[in-house]
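# Survey of secondary and tertiary structure
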Amino acid sequence: MFKLSEHKTSAKTEILAGLTTFLTMVYIVVVNPVVLSDAGVPFEQVFTATIIATIIGTLWIALFANYPIAIAPGMGLNAYFAYSVVGSHGNISYGVAFSAVFVAGIIFVILSLTPLRRKLIEAIPENLKHGITAGIGLFIAFIGLRLTGIIQAHPQNLVALGDLHSPSAILTFIGLAVTLVLMSLGVNGALFFGMVVTGIVAYLTGQLKFDKGFVSMPSLPEGLIMANPLTAIGDVVHHGLYAVVFSFLLVTIFDTTGTMIGVAQQAGLMKGNTMPRAREALLADSIATTIGAMFGTSPTSAYIESSAGVAAGGRTGLTALTVAILFALSAFFGPLVGAVSGIPAITAPALIIVGSLMIGNIARIQWDQLDEAFPAFLIILSMPLTSSIATGIALGFISYPLLKITRGKWREVHPLVYVFAVLFFYQLAFLPH
């Protein structure tokens, strides 16, 4: 079913890759409820909704698209939901905000059924694709360094070197050393085994504790939050949430599209300028976003942490299927998942190493051509500095056609790039982020 031999992989490699991806992204089942609970949504509701949306999106991509990519509620989109939509619209309840997510999801499904998103992948210039992959690599390496305190906030320079003697930093360095040695020796599943060793060290040094036990039953205290599409559309019209729906739509389209291109390139699954089974793959996040809104979570996106599984050898949907099964099991192991994901140093080494692998795409950018190089550079620079894949892509999309026009090469630019350059400019200039 997954064509393992055709992709030169094995069931063992794929399952280990799925474990690796799961461990690098499972933090979302704790972080997402924490963020959305600030908007008033019950923690247990979001915990279960997050798992439901992740299972649906990831299963879809595993069974219908055969890609080693995981789908889950997106970081950044949840903060926008909690603090910009619910927080700043005064009388907007989280129920009404979920109506906006639901409507965006429905439009998203319709767009994914059309050739638009597939053509968009083909329309993105090669150098921008390499820039997106490299930018994502830099971004996830930065996340790994920031979460463990190796890089910390600074009042003047924004970031600075953290305390290298802290238990978190030391544990990260141990994890990095172990994982790099295993990778150098060519051990299959080195990223995963590196996490296991780091977890054991964390437990032995008292950093990893299981105070709340291991098992608990999942619950949905509010049941279905959004069940009627007509009610959702009515809420959007009544409260004038058109800009909110547009922002969710634009950011999610490019977050997922950019991530899928990056991960597919890393896995060697792109066929020239096209992505095989693009429609099936791109339907995953739109369906998960729509169903996730019904249960009570913010929009979903393809996860950049999927690249950790690819680095561990994942090449097919069996990797994604493994991730989906593990998320289903995690619904019953909330305390255990919370304990492990609460120690960033266990998964950070994988993110840092994967970042180093993905940034290798910089070598494929045509640096001797300013109109090709600068937009790619802008993407690479802005992704980690704005903590947003979509913003990095937006700046690349805006600058690319401008430079081409300036150099008299406007005919080389695909019409879709012009369309989205205008849309991105409008979003960055006039809409909240």
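Thresholds, definitions, all that
Residues numbered from 1 in each chain as written. Predicted model: local features only at pLDDT ≥ 70, side-chain atom pairs only at ≥ 80, totals over all residues. Heavy atoms only, no water. Salt bridge = Lys/Arg side-chain N within 4 Å of Asp/Glu carboxyl O. Helix = DSSP H or I, 4+ residues; strand = E, 2+ residues; numbered from the N terminus. Buried < 20%, exposed > 50% of the residue type's maximum accessible area, 1.4 Å probe, protein only. Phe/Tyr/Trp six-rings, centres within 6.5 Å; stacked < 30°, edge-to-face > 60°. Contact = heavy atoms within 4.5 Å. Polar contact = N/O pair within 3.5 Å; in protein donor to acceptor, adjacent residues only side chain to side chain.

Here we take up the pattern of salt bridges. Across all of its chains, the model carries six salt bridges by this definition. Between E126 and K129 there is a salt bridge, with its nearest N and O atoms 3.9 Å apart. You can see E126 and its partner K129 sitting in helix α7 (residues 126-147), three residues apart, about one turn around the helix. Under the relative-accessibility criterion, E126 is labelled partly exposed at 35%. Of the charged contacts in the structure, one is a salt bridge between D371 and R407, with a shortest N-O distance of 3.3 Å. Of this pair, D371 sits in helix α17 (residues 370-386) while R407 is found in the loop between α18 (389-406) and α19 (415-430), placing the two residues 36 residues apart along the sequence. For R407, a relative accessible area of 45% puts it in the partly exposed group. It is possible to trace a salt-bridge network through shared partners that takes in D371, E372, K404, R407, K409 and E412.

Moving on to the packing of aromatic side chains. The relative placement of two aromatic rings is captured by the distance of their centres and the angle of their planes. Enumeration according to the criterion identifies eleven aromatic pairs in this entry. Measuring from centroid to centroid gives 4.4 Å for W60 and F64, while their planes differ by 40°, and the two rings are tilted. Of the two residues, W60 and F64 both sit in helix α3 (residues 43-65), four residues apart, roughly one turn of that helix. Overall, the relative accessible area of 23% leaves W60 in the partly exposed class. Judged by its relative accessible area of 48%, F64 falls in the partly exposed class.

It is worth spelling out the environment of W60 at this point. Considered as a pair, W60 and G317 are 257 residues apart in the sequence and their alpha carbons are 9.3 Å apart. Those residues in contact with W60 that lie beyond four places of it in its chain are A65, E280, L283, A284 and I287.

Moving on to the environment of T58. Following the sequence through the fold, T58 ends up in helix α3. What makes T58 buried here is its relative accessible area of 0%. The spacing of T58 and A302 is 244 residues in sequence and 8.8 Å in space, taken between C-alpha atoms. The residues contacting T58, other than those within four sequence positions of it, are I69, A70, I71, A320, V323 and A324. Within the local environment of T58, its side chain forms a polar contact with the backbone nitrogen of I71, the two atoms lying 3.0 Å apart.

What follows covers unusual backbone geometry. Unusually for a residue other than glycine, K8 sits at a positive phi of about 55°. Structurally, K8 can be placed in the segment before α1 (11-25). At N66, a position not held by glycine, the phi torsion is positive, near 60°.

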